[in-house]
Amino acid sequence: LTLCFPEKLWKMLESDQFRSIWWSEGGKCVAINKDLFKVEVLGRGVCPRIFNTQHIRSVIRQLNLYGFTKVQRNLQRSASLPEFLSEEAAASAHSQILYYYNPSFNRAHPWLLGTCKRR
């Protein structure tokens, strides 16, 4: 039995097996740690191949084809230089995390998954 992309994504999010992908924003967004995802999900021999690719770009293309949009994280910045520099370092580490939203892909409303169609 083969699953479509949104179904695979849902199963990954609901599984305890993956640390590189999780629900964020109260189950309304998908969060992906880009570097960890490359190793954990797309890497050779790490686990059974979930997606037929080794490239994060292909996964992002699939997200876009299924109506997901990238969510930008707006971080408030401090006026003081030491705090600003500290926040910049945290933001740099945070930039490895991608956030995607689709109104038909919501943890609280699993029945909407069927309406998540490829464009």
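Here is what the cut-offs are and how they apply
Residue positions are counted from 1 within each chain, in the order its sequence is given. Restriction of local features to residues with pLDDT of at least 70 applies here, the model being predicted, together with a cutoff of 80 or more for giving and counting side-chain atom pairs; totals for whole chains, interfaces and linings are based on all residues. Side-chain measures here rest on the full set of heavy atoms in the structure, leaving out hydrogens and waters. Note on conventions: DSSP H or I runs of at least 4 residues are helices, E runs of at least 2 residues are strands, and numbering of each starts at the N terminus. Each residue is placed in one exposure class: buried if its accessible area under a 1.4 Å probe, protein chains only, is under 20% of its type's maximum, exposed if it is over 50%, and partly exposed if it falls in between. Under the rule applied, a polar contact is a pair of N or O atoms within 3.5 Å (in protein, one hydrogen donor and one hydrogen acceptor; residues adjacent in sequence only if both atoms are side-chain atoms). The contact rule is simple, with two residues in contact once any of their heavy atoms fall within 4.5 Å.

## Focus: the side chain of asparagine 102
Next, step 1: Among the secondary structure elements, asparagine 102 is positioned in the segment after β4 (97–101).
Next, step 2: Given a relative accessible area of 5%, asparagine 102 falls into the buried group.
Next, step 3: Only 2.8 Å separates the side chain of asparagine 102 from the backbone oxygen of tyrosine 66, close enough to count as a polar contact.
Next, step 4: Among all residues touching asparagine 102, those that are not within four sequence positions of it are Tyr66, Gly67, Phe68 and Cys116.

## Some points on the side chain of threonine 53
Next, step 1: Locating threonine 53 in the fold gives a position in the loop between α2 (34–40) and α3 (56–65).
Next, step 2: Threonine 53 gets classed as buried once you look at its relative accessible area, which sits at 13%.
Next, step 3: Side-chain polar atoms of threonine 53 contact the side chain of serine 58, separated by 3.4 Å.
Next, step 4: In contact with threonine 53, other than residues within four places in its own chain, are Leu42, Ser58 and Val59.

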